[in-house]
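A closer look at the structure
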Amino acid sequence: MKKKLVAGMLATAMVASVFTGCGKKDDDKETKTEAKKASVEVTADDKGEIKLWVADNTVDFTKGQVDKFLEANPNYKGYTVSIEPVGEGDAATNMITDVTAGADIYGFAQDQLARLVSAGAIAPVSDESAKWISDNNDAGAAGAAVVGGTTYAFPLTSDNGYFLYYDKSVVKDPSTLEAILSDCEAAGKGFYMEINSGWYDTAFFFATGCKLEYGISSEGKLNSSNITYATDEGVKAMKAMINLHKSKAFYNGSAVGNAANAAAVVSGTWDSGAAQDMFGANYACAKLPTFNVDGKDYQMSGFGGFKLLGIKPQTDQKKYIVCQDLAKFLSNEETQLARFEAVGWGPSNKNAQASEKVKADPALSALAEQLAFTIPQGQYPNEYWDLAKGLGDSIIAGDYDKASDDDLKKALQDFQTTCESYAK
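Right, let's walk through the structure included here. (Residues numbered from 1 in each chain as written. Predicted model: local features only at pLDDT ≥ 70, side-chain atom pairs only at ≥ 80, totals over all residues. Heavy atoms only, no water.)

1. Examining the overall build of the protein
Cut-off, in case you're wondering: Only DSSP runs of H or I covering at least 4 residues are called helices, and only runs of E covering at least 2 are called strands; the numbering of each starts at the N terminus. Buried means the residue's accessible area, taken with a 1.4 Å probe over protein chains only, is under 20% of the maximum for its type, while exposed means over 50%, and partly exposed covers the values in between. What makes two residues a contact is simply this: any of their non-hydrogen atoms within 4.5 Å.
Within the protein, the secondary structure is distributed over 18 helices and 18 strands. The buried share among the 424 residues of the protein stands at 55%. Of the contacts formed within the protein by residues at least 6 apart in sequence, a portion of 77% connects residues at least 24 apart.

The following block contains the structure:
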């Protein structure tokens, strides 16, 4: 693997310490110092080429924004920016395969950040930019850009997660799961949620305080885990899932298009059009509800997803400055709002989220509220998703309907031990 390291690059020892938690303070200090902008000035006489990767449906939009950026910064006119269509799902893999041939600036999904840091394929932002990111973006998006206390990327969106679509003529109180199920049962309507999924079932486990975390080595391999499903909290989450499956209104599923006779569906923004078609004038959205187990209420949580913009380590400090300023411009309030209007991406910028145009979108407003209770999805082994599906399938099949708390904890211990084995 070729790696083009920078004036702001990570020291090898520090990369390892990010994931193992055993780095030296001197390493951290050195890295933060290197990440700052050097005291150099970029002038109109400086030249360079910057390669930018963005999603295919945003290429034309991004070209217009880059033109605005260069027009507003005449001292950067010597730099040429080429834009290529490489989606967030492919960018990280392409960068890790060959950093030198990769883009100078690229969009990617937040669950790929640890891999990029491990591979030396992303440079930390300056301290000034890190503060700007924290001040201007919602906590979930800003947190998704951080590894080991260091900020590596500029948030672009807060629009990947799940919340509640519902028929307001049926569901009168969307704030509690019990009330929703009661209304659906009374009306002979369905409540749809995909509980045999490692993505959706975290809505229950994270709500009660369970952890599902993996550490990653400098080689990008899972080397540690912090999983607390085999606990009283895990039992409460599993009991909530069992209670849900027992409701005659429950149907396992998350695609609005596949839901029949539904009054409530847990899904994401990609389903907003289908939900509006299904519910018509009674279309409504809300954050996920609370659920009650053993007399205590828990706010449903889950995974949150964000799009980020990263910068490849650079050997030319002036080029790094231009790249960072361009990434900041492409992720600022004005550009995020313009991107929302152009392609419908949900902003991570707090002011953009508060704009009347964004707030007028019921799905994005519900998701923004829900993301305050979620955890950014990290990197998980492929086997985890199959294991979680199996647990959900067993719940749906009724295997645990009469199980004691001890039986549930035993099942969760088996689940946890298997998850932990993935990091050994």
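And the narrative resumes.
2. Some points on the pairing of strand 2 (residues 79-85)
Definition in use: In short, DSSP must find at least two bridges between two strands for them to pair. Here is how to tell: hold the view so the strands point away, follow the path from the first strand over the helix to the second, and if it runs clockwise the crossover is right-handed.
Across seven bridges, the pairing between strand 1 (residues 48-54) and strand 2 is parallel. Bridge pairing in strand 2 links glutamate 49 to threonine 80. As for the winding sense of the linkage, the β-α-β connection from strand 1 through helix 3 (residues 59-72) to strand 2 is right-handed.

3. Quick notes on the packing of helix 10 (residues 232-246) against helix 17 (residues 382-396)
Stated precisely, the cut-off is as follows: Each axis is a line fitted through C-alpha atoms, and for a helix only the stretch in contact is used; angles between axes span 0 to 180 degrees, taken between their N-to-C directions. Angle categories are assigned with fixed cut-offs, so that under 35 degrees is roughly parallel, over 145 is roughly antiparallel, 65 to 115 is roughly perpendicular, and the rest are oblique. Here a crossing is taken to be left-handed if its near helix is turned anticlockwise relative to the far helix by less than a right angle, and right-handed if that turn runs clockwise. When residues are grouped by polarity, Ala, Val, Leu, Ile, Met, Phe, Trp, Tyr, Cys and Pro land in nonpolar, Asp, Glu, Lys and Arg in charged, and all others, Gly among them, in polar.
One can describe the packing of helix 10 onto helix 17 by two numbers: an axis separation of 9 Å at closest approach and a directional angle of 50 degrees. Regarding the angle of helix 10 to helix 17, the classification is oblique. The handedness of the crossing between helix 10 and helix 17 is right-handed. Residue-level inspection shows Met238, Met241, Ile242 and His245 of helix 10 in contact with helix 17, the latter providing Leu391, Ile395 and Ile396. Residues belonging to the contact of helix 10 with helix 17 are distributed by class as follows: six nonpolar, one polar and no charged.

4. Remarks on the sheet that holds strand 6 (residues 153-155)
Strand pairing in a sheet takes place through backbone hydrogen bonds and is either antiparallel or parallel in direction. In spatial order, the strands read 2-1-3-17-6; together these five strands make up an open sheet with mixed pairing. Looking along the sheet, the strands with just one partner apiece sit at the ends: strand 2 and strand 6. The sheet shows a mean angle of 25 degrees between the axes of neighbouring strands, taken without regard to direction. Where strand 6 meets strand 17 (residues 307-311), three bridges bridge the pair, whose relative direction is antiparallel.

5. Here we look at the packing of helix 17 against helix 18 (residues 405-421)
Look at helix 17 against helix 18: their axes get within 10 Å of each other, and the N-to-C directions meet at 170 degrees. In terms of their interaxial angle, helix 17 and helix 18 are classed as roughly antiparallel. Residues Tyr384, Leu387, Ala388 and Leu391 of helix 17 touch helix 18, and the partners they reach there are Leu412, Phe415, Thr418 and Cys419. In terms of residue class, the contact of helix 17 with helix 18 is built from seven nonpolar, one polar and no charged.

6. A closer look at helix 17
Rules: To estimate how far a helix should reach, multiply one less than its number of residues by 1.5 Å. Our arc is simply the arc of the directions from the helix axis toward the C-beta atoms.
When the terminal C-alpha atoms of helix 17 are compared, their 22 Å separation across 15 residues agrees well with the 21 Å that a helix rising 1.5 Å per residue should span. Buried within helix 17 are the following residues: Tyr384, Ala388, Leu391, Gly392, Ser394 and Ile395. For helix 17, the buried positions fall inside an angular range of 155 degrees around the axis, keeping them on one side. Exposed and facing more than 90 degrees away from the buried side of helix 17 are Asn382 and Asp386. Each element contacted by the buried residues of helix 17 is listed here: helix 9 (202-205), strand 9 (212-216), helix 10 and helix 18. One or two positions beyond helix 17, positive phi appears at glycine 398, with a value near 85 degrees.

7. Structural notes on helix 8 (residues 177-187)
Residues of helix 8 that are buried include every one of Leu177, Ala179, Ile180, Leu181, Asp183 and Cys184, and no others. Looking at the buried positions of helix 8, the neighbouring elements they touch are strand 7 (163-167), strand 8 (190-192), helix 9, helix 10, strand 12 (262-267) and strand 14 (290-293). Where helix 8 ends, the next residue or the one after it, glycine 188, has phi of about 70 degrees, a positive value.

8. What about the pattern of salt bridges?
The condition that has to hold: Just to be clear on terms, a salt bridge is a Lys or Arg side-chain nitrogen sitting within 4 Å of an Asp or Glu carboxyl oxygen.
If you walk through the whole model with that rule in mind, you get 11 salt bridges. Note that aspartate 232 and lysine 409 form a salt bridge whose closest N and O atoms lie 2.7 Å from each other. Here aspartate 232 is found in helix 10, whereas its partner lysine 409 is found in helix 18, with 177 residues between them in sequence. Lysine 409 gets classed as partly exposed once you look at its relative accessible area, which sits at 29%. Measuring nitrogen to oxygen at the nearest pair gives 2.9 Å for the salt bridge that ties aspartate 393 to lysine 389. Residue aspartate 393 and its partner lysine 389 are both found in helix 17; the two are separated by four residues, about one turn of the helix. Aspartate 393 sits in the partly exposed class, given a relative accessible area of 32%. Through salt bridges with shared partners, a single ionic network connects Asp104, Lys312 and Lys319.

9. Some thoughts on the packing of aromatic side chains
The geometry of an aromatic ring pair is captured by the separation of the ring centres together with the interplanar angle, meaning the angle of the planes. Convention followed: Pairs were defined over the aromatic rings of Phe, Tyr and Trp, the Trp ring being its six-membered one, requiring ring centres within 6.5 Å. Orientation was assigned from the angle between planes: stacked under 30 degrees, edge-to-face over 60, tilted for the rest. Lysine and arginine charges are scored as sitting over a ring when NZ or CZ, respectively, is within 6 Å of the ring centre and within 35 degrees of the ring normal.
Under the definition given, this model contains 22 aromatic pairs. Relative to tyrosine 165, the ring of phenylalanine 163 has its centre 4.8 Å away and its plane inclined at 55 degrees; by these criteria the two rings are tilted. Residue phenylalanine 163 shares its accessibility class with tyrosine 165, and that shared class is buried. Three or more aromatic residues joined by ring pairs form one cluster here, namely Phe206, Tyr214, Phe303, Tyr380, Tyr384 and Trp385. Lysine 307 extends its terminal NZ or CZ atom over the ring of tryptophan 345, reaching a point 4.5 Å from the ring centre.

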